[in-house]
Amino acid sequence: MTLKLYNTLTRKKEVFEPQDASNVRMYVCGPTVYDYAHIGNARPVIVFDVLFRLLRHLYGEDHVTYARNITDVDDKIIARAADEDRAISDLTEETTRQFHDDIRALGVLMPEDVNTPGATPSFIEPKATEHIPQMIAMIECLIASGHAYEAEGHVLFDVTSKDDYGKLARRSLDEMEAGARVEVAPYKKGQMDFVLWKPSLAKQPGWESPWGRGRPGWHIECSAMSEAHLGESFDIHGGGIDLLFPHHENEVAQSECAHGGKPFARYWLHNGFLQVEGEKMSKSLGNFVTVRELLDKGWPGEVIRFAMLKTHYRQPINWTQKGLMDAALELQTFANWTSDEDDEPTSDEPASSIVAALSDDLNTPLAVAELHKLVKTFSPGHSDEVKQKGIEQLRNSLRLIGLGELDGYDANKIASTITYGRDGPQIDEARVGQLIAERTAARKTKDFKKSDEIRDQLAEMGIALKDGPDGTTWEVAR
Ligand code: AMP
Ligand code: ZN
């Protein structure tokens, strides 16, 4: 199957050709760990998890290397630790643990899920603080080759030293300078020159270096970590679209200049931004949604993941409570078929239509449409054999997008928890079933008065009915 990916570098959808099909390599910018991950941070984690799964499917599990870093040295971290009067490592370790718990709940693969003890790891989660010597070595190389200079304890990258600086973001230096609203530090030669290394005060984290005790700039962290784990050139680099400039542009500049002009990542993938209820997520607007809050409220990770994947990764998402509830109900369609494990699986192959949809620039909304089509091919009226094969394909296809664990999934219970809270009234399903049966009997005898009364009684219990060709179904009214 041909994999096509939209490459931000060329602004085109291209056929993906790895440098080495026996080791496809991908790097994704991970979180800066000082607070709970918000739902926007979860987007690249989920999107690139699906791509990692797809690459493993297409190229073989032992032929993909994935590095998703943890940024554990950064000025935001230093400021938060000072605010809370706690040690930096205490803050970063706790936040990293919270991040892991959250994304595990979202069905995201973790290094321990895919790495085999003793073998070269195929999933690495490098930490910035564990790669300081590599950053220093890269900075030394940039100074030696005339791309960087030292000034007042800082080391800066000279953007005029690279002719094609701006090629990824497609901005010229003049445009960047005109658009920049930053105050220019006096030690900078050029306004757009960016920091590779900066001095640390005694109470700030710092490492000895040829330029004194200091710490790295943010961009050099990813250049050094990707080089350490994936080599000088690799296949895919991912992250949110907000990172395109300056972060990714600067990664390209540093890495290519440190590697004698060798191309850095060959395919650049960027996920679109997420808004909440139509507005930019921000603490001041009070619409800042963390993954942890959603999980605590009762939304299962599968629903959050599915809601995310219903939109193509490059499109913006408007994250709403209604969208989550719609996703919860839609997921039930699949869970109805996959919940009980009956016969031994005969194959682990997903449906080719779903692999094809994902191979077309990770078209997850199309993959979801194909899942519905797949269900129609074996739902009522088909032989057991067709049904069994179909269910198996459905299970394998869901697993490919990280939704392989739908056992016991119950959308009505979720809706009830969300509506009433965990301790609120739970729906007495047996009573609902009994009332629906009585109403169906009343309708059969054309006793519409009674049938309407029962509908009202159920509405008071918070239950909405839907009459369809296959009978009456119910859901918790919203
Ligand atoms: P940060 O911790 O801010 O560096 O962000 C970690 C990742 O989340 C980066 O890949 C960002 O591009 C991504 N990200 C942050 N906010 C959003 C958002 N609202 N929508 C989508 N992606 C986001
Ligand atoms: Zn990065």
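All of these numbers come straight from a predicted model, not from anything done at the bench.

(A) Structural detail: the overall build of the protein chain. Helix and strand counts for the protein chain stand at 17 helices and 15 strands. Based on the C-alpha atoms only, the size of the protein chain along its principal axes is roughly 90 × 50 × 45 Å. When each of the 478 residues of the protein chain is scored for burial, the buried share is 51%. Long-range contacts, defined as pairs at least 24 residues apart, comprise 74% of the intrachain contacts of the protein chain with a sequence gap of at least 6. Once the 54 positive and 77 negative side-chain charges of the protein chain are each reduced to a mean point, those two points are 5 Å apart.

(B) The arrangement of the sheet that holds strand β10 (residues 234–240) in detail. The sheet built from five strands is open, its strands ordered β5-β4-β3-β10-β11 with parallel pairing. Here the strands that pair on one side only, and so sit at the sheet edges, are β5 (123–124) and β11 (265–271). Pairing between strand β4 (residues 64–68) and β5: two bridges, direction parallel. Bridge pairing links Ala67 to Ile124 in β5. Along the sheet, helix α8 (residues 244–258) makes contact with β10 and β11, crossing β10 at roughly 160 degrees.

(C) Main features of the domain arrangement of the protein chain. As assigned here, the protein chain comprises domain 1 (1–296), domain 2 (316–417) and domain 3 (429–476). For domain 1 versus domain 3, the distance between C-alpha centres works out to 55 Å.

(D) Spatial organisation of the site of ligand 1. Thr32, Gly40, Gly240, Asp242 and Leu274 are the nearest of the 16 residues found near ligand 1. The backbone of Leu274 places a nitrogen or oxygen atom 2.9 Å from a nitrogen atom of ligand 1. Starting from 490 Å² of accessible surface for ligand 1 in isolation, the protein chains cover 88%. Listing elements by their share of the shell around ligand 1, those giving two or more residues are α1 (39–59) and β10. A per-element tally of the shell around ligand 1 places α1 first, with three residues.

(E) Representation of helix α16 (residues 429–444) within the structure. Between its first and last C-alpha, α16 extends 22 Å over 16 residues, near the 22 Å set by a 1.5 Å rise per residue. Buried residues along α16 sit against α17 (448–460), β14 (463–468) and β15 (471–476). Where α16 terminates, the next one or two residues include Lys446, which has phi positive at roughly 60 degrees.

(F) Focus on the coordination of the zinc ion (ligand 2). Within the protein, Cys29 (SG), Cys222 (SG), His247 (NE2) and Glu251 (OE) serve as the donor atoms for the zinc ion (ligand 2), at 2.1 to 2.7 Å. Each of the four donor atoms bound to the zinc ion (ligand 2) contributes to angles spanning 73 to 130 degrees, and the resulting shape is irregular. Read in sequence order, the donor residues coordinating the zinc ion (ligand 2) give the pattern C-x192-C-x24-H-x3-E. In this pair, Cys29 is assigned in the loop between β3 (24–28) and α1 and Glu251 in helix α8, connecting sequence segments 222 residues apart.

(G) View of the pairing of β11. In terms of residue burial, β11 counts as a mostly covered element, since six of its seven residues are buried. Examined bridge by bridge, β10 and β11 share six bridges and lie parallel to one another. Bridged to Gly240 within β11 is Asn271. A crossover connection joins β10 to the parallel β11 through α8; in handedness this β-α-β unit is right-handed.

(H) Inspection of the side chain of Asp49 at higher detail. Residue placement: Asp49 occurs in helix α1. Not counting residues up to four positions away in its chain, the partners in contact with Asp49 are Pro44, Tyr66, Gly107, Val108, Leu109 and Arg305.

(I) Here's a closer look at the packing of aromatic side chains. This model, assessed by the stated rule, comprises twelve aromatic pairs. Between the aromatic rings of Tyr27 and Phe234, the centroid separation amounts to 6.5 Å while the plane-to-plane angle is 55 degrees, which identifies the pairing as tilted. Separated by 207 residues along the polypeptide, Tyr27 in strand β3 and Phe234 in strand β10 bring together distant segments of the chain. A residue is classified by how much of its surface remains accessible, and Phe234, at 0% relative accessible area, is buried. Between the aromatic rings of Phe264 and Trp268, the centroid separation amounts to 6.0 Å while the plane-to-plane angle is 50 degrees, which identifies the pairing as tilted. Accessibility assignment for this pair places Phe264 and Trp268 in one class, buried. The ring of Tyr149 is capped by Lys189, whose NZ or CZ atom sits 4.3 Å from the centre of that ring.

Reading the values: the criteria
- Residues numbered from 1 in each chain as written.
- Chains lettered and ligands numbered in written order.
- Predicted model: local features only at pLDDT ≥ 70, side-chain atom pairs only at ≥ 80, totals over all residues.
- Heavy atoms only, no water.
- Helix = DSSP H or I, 4+ residues; strand = E, 2+ residues; numbered from the N terminus.
- Buried < 20%, exposed > 50% of the residue type's maximum accessible area, 1.4 Å probe, protein only.
- Contact = heavy atoms within 4.5 Å.
- Lys, Arg positive; Asp, Glu negative; His and termini not counted.
- Charge placed at Lys NZ, Arg CZ, Asp CG, Glu CD.
- Pairing = 2+ DSSP bridges.
- Axes fitted to C-alpha atoms, helices over the stretch in contact; angles between N-to-C directions.
- Domains from an automatic or database assignment.
- Near = heavy atom within 4 Å.
- Polar contact = N/O pair within 3.5 Å; in protein donor to acceptor, adjacent residues only side chain to side chain.
- Areas by Shrake-Rupley, 256 points an atom, 1.4 Å probe, with all protein chains shown as cover.
- Expected span 1.5 Å × (residues − 1).
- Donors = N, O, S within 2.8 Å, 3.2 Å for Na, K, Ca; no water.
- Tetrahedral: all angles 85-135°; square planar, octahedral: opposite > 155°, others 65-115°.
- Right-handed = clockwise from strand over helix to strand, strands pointing away.
- Phe/Tyr/Trp six-rings, centres within 6.5 Å; stacked < 30°, edge-to-face > 60°.
- Lys NZ or Arg CZ within 6 Å of the ring centre and 35° of its normal.

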